[in-house]
Amino acid sequence: MPLGYTFAMIKPSACRKNHVGPILAMINQAGFRISAIRSTKLDKEEAEQFYEMHRGKEFYESLCDFMSSGPIIAILLEKENAIEDFRKLIGNTNPTMAEEGTIRKMFAESLQKNAVHGSDTPENAEREANFFFNQRERY
Ligand code: ATP
Ligand code: MG
């Protein structure tokens, strides 16, 4: 299988609780290579753009407030089968349903504050990576 990319984010709640190091270690241990990484902060409008596909859902406003509430870590990851494997590593969106040993099981505080984001399709991975990184920031 060819190498593929996925885009990941460590959400503000996990950054606030200093879970960045342990989460990055789990990502590396699972065989992902970090192609690009940056600490940054989304403003409300940027969060609304990033989560565009959820516009209109009942959790959208609250999600965008949360995602713009503090610094995040944006990460471009490379691995075979990256998108699917990363979503397995992070576990179910709802941490009460996340499997043992997954990042969300270990670090999520709630359905909203679920520690990490992972792209769900190649098209979204591309869009999300372009949102944060130019070509010179990817190696
Ligand atoms: P992400 O896109 O962040 O990787 P996901 O793909 O597992 O998560 P989505 O359905 O895309 O889940 O939802 C995006 C994010 O919105 C979730 O990670 C969570 O933070 C929040 N969210 C989703 N559903 C709810 C809900 N019912 N109530 C509150 N927040 C929610
Ligand atoms: Mg999603």
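This part covers the overall build of the chain. A tally of regular secondary structure across the chain gives seven helices and four strands. Reading the chain from its N end, one meets helices and strands in the order β-α-α-β-α-α-β-α-α-β-α. Relative to the compact-globule value of 14 Å for 139 residues, the chain shows a C-alpha radius of gyration of 14 Å, a close match. Within the chain, the proportion of its 139 residues that are buried is 47%. A gap of 4 Å separates the mean positions of the 18 positive and 20 negative side-chain charges of the chain.

Right, let's get into the sheet that holds strand β2 (residues 33–40). An order of β2-β3-β1-β4 is seen for the four strands of this open sheet, with the pairing classed as antiparallel. Edge positions in the sheet fall to β2 and β4 (116–118), since each of these pairs with one other strand and no more. Each adjacent strand pair in this sheet contributes to an overall mean axis angle of 20 degrees, direction not counted. Note that strand β1 (residues 3–10) and β4 share three bridges and pair antiparallel. Bridging from a neighbouring strand, M9 pairs with H117 of β4. Along the sheet, helix α5 (residues 82–90) makes contact with β1, β3 (72–80) and β4, crossing β1 at roughly 35 degrees. Docked against the sheet, helix α7 (residues 122–132) engages β1, β2, β3 and β4, running at close to 55 degrees with respect to β1.

Cut-offs applied
In this numbering scheme, every chain counts its residues from 1 along its sequence in written order. Going through the entries in the order they are written, you letter the chains from A and number the ligands from 1. Local features in this predicted model are restricted to residues of pLDDT 70 or higher, and side-chain atom pairs are both shown and tallied only at a pLDDT of 80 or more, whereas totals for entire chains, interfaces and linings draw on every residue. The side-chain figures draw on all heavy atoms in the structure; neither hydrogens nor water molecules are used. Each helix corresponds to a stretch of at least 4 residues labelled H or I by DSSP, and each strand to a stretch of at least 2 residues labelled E; elements are numbered beginning at the N terminus. Radius of gyration here is computed from C-alpha atoms only, and the compact-globule reference equals 2.2 Å multiplied by the residue count raised to the power 0.38. Each residue is assigned to one of three classes by its accessible area relative to the maximum for its type, calculated with a 1.4 Å probe on protein chains only: buried under 20%, partly exposed between the two thresholds, exposed over 50%. In summary, the charge assignment counts Lys and Arg as positive and Asp and Glu as negative, without counting His or the chain termini. A charge is said to be at NZ when it belongs to Lys, at CZ for Arg, at CG for Asp and at CD for Glu. Strands are treated as partners if at least two bridges between them are detected by DSSP. Convention adopted: a line fitted to C-alpha atoms gives each axis, helices being fitted over their contacting stretch, and angles between N-to-C directions are expressed from 0 to 180 degrees. Residue contacts are defined here by distance: any two heavy atoms, one from each residue, within 4.5 Å place the two residues in contact.

Function-wise, these values are silent; they only describe arrangement.
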